[in-house]
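# Overview (structure and organization)
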Amino acid sequence: MTRRELRENVFMMLFRVEFHNEDEMPEQLVLFEEELENLNEKDSAYINHKCNEIFAKLPELDAAINETATGWKTTRMNKVDLSILRLAVYEI
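As the structure is a prediction and not an experimental result, all values here were calculated from the model.

### Notes on the pattern of salt bridges
- Going through the model one piece at a time under the given rule, you end up with six salt bridges.
- A salt bridge links Lys79 to Glu18; its shortest N-O distance comes to 3.7 Å. Note that Lys79 is positioned in helix 5 (residues 79-91) and Glu18 in the loop between helix 1 (3-17) and helix 2 (25-35), a separation of 61 residues in sequence.
- By relative accessible area, Lys79 is classed as partly exposed at 33%.

### Here we look at the nonpolar core
- Core analysis: the largest hydrophobic core is formed by 16 residues, its most contacted members being Val10, Met13, Cys51, Ile54 and Phe55.
- Mapped by element, the contributors of at least two residues to this core are helix 1, helix 2, helix 3 (41-56), helix 4 (58-68) and helix 5.
- Among the elements that make up this core, the one with the highest residue count is helix 1 (five residues).
- Leaving out residues up to four positions away in the same chain, Met13 has contacts with Met25, Gln28, Leu29, Phe32, Cys51 and Phe55.

### Regarding the side chain of Asn9
- Along the chain, the position of Asn9 falls in helix 1.
- Using a relative accessible area of 6% as the deciding quantity, one classes Asn9 as buried.
- Residue contacts for Asn9: discarding those within four places in its chain leaves Met1, Phe32, Leu36 and Ile47.

### Section: unusual backbone geometry
- Despite not being glycine, Asn38 shows a phi value in the positive range, around 60 degrees.
- Assignment of secondary structure puts Asn38 in the loop between helix 2 and helix 3.

### Side note on the packing of helix 4 against helix 5
- Between helix 4 and helix 5, whose axes approach to 10 Å, the crossing angle comes to 100 degrees. By the angle between their axes, helix 4 is roughly perpendicular relative to helix 5. Packed against helix 4, whose contacting residues are Leu58, Leu61, Asp62, Ala64 and Ile65, the element helix 5 presents Leu82, Leu85, Arg86, Val89 and Tyr90 at the interface.
- Residue composition of the contact of helix 4 with helix 5, grouped by class: eight nonpolar, no polar and two charged.

### Regarding the packing of helix 3 against helix 5
- As a packed pair, helix 3 and helix 5 sit with axes 11 Å apart at the nearest point and diverge in direction by 95 degrees. Regarding the angle of helix 3 to helix 5, the classification is roughly perpendicular. Residues Lys50, Glu53 and Ile54 of helix 3 form the contact with helix 5, whose own contacting residues are Leu87, Tyr90 and Glu91.
- Partitioning the contact of helix 3 with helix 5 into residue classes produces three nonpolar, no polar and three charged.

### Digging into the environment of Ile47
- Assignment of secondary structure puts Ile47 in helix 3.
- For Ile47, a relative accessible area of 0% translates into the label buried.
- When the C-alpha positions of Ile47 and Leu14 are compared, they lie 11 Å apart, and in sequence the two are 33 residues distant.
- Discounting residues that sit within four places of it in the chain, Ile47 has contacts with Leu6, Asn9, Val10, Leu29, Leu36 and Leu39.

Basis of the calculations
- Residues numbered from 1 in each chain as written.
- Predicted model: local features only at pLDDT ≥ 70, side-chain atom pairs only at ≥ 80, totals over all residues.
- Heavy atoms only, no water.
- Salt bridge = Lys/Arg side-chain N within 4 Å of Asp/Glu carboxyl O.
- Helix = DSSP H or I, 4+ residues; strand = E, 2+ residues; numbered from the N terminus.
- Buried < 20%, exposed > 50% of the residue type's maximum accessible area, 1.4 Å probe, protein only.
- Core = buried A, V, L, I, M, F, W, Y, C linked by side-chain atoms within 4.5 Å.
- Contact = heavy atoms within 4.5 Å.
- Axes fitted to C-alpha atoms, helices over the stretch in contact; angles between N-to-C directions.
- Parallel < 35°, antiparallel > 145°, perpendicular 65-115°, else oblique.
- Nonpolar A, V, L, I, M, F, W, Y, C, P; charged D, E, K, R; others polar.

The following block contains the structure:
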């Protein structure tokens, strides 16, 4: 998988956070990986590692976004934009 494809898959997993409880996320990662075609062990490890790191830092990421965003809080943002922002802030 290319770096772009890996980041897209991480984004899709971040999007799932909005619809599932924190304790369901390991199972969601497994289900998500089953849906992917051509997923090798290295790509799977990358996606799992990146997602787990981001899941662990969600409160910090949301606090940074809330501190910077003018007129919007993470609770008001649409789910797609919020997922993109979380990934971007994490990578910065």
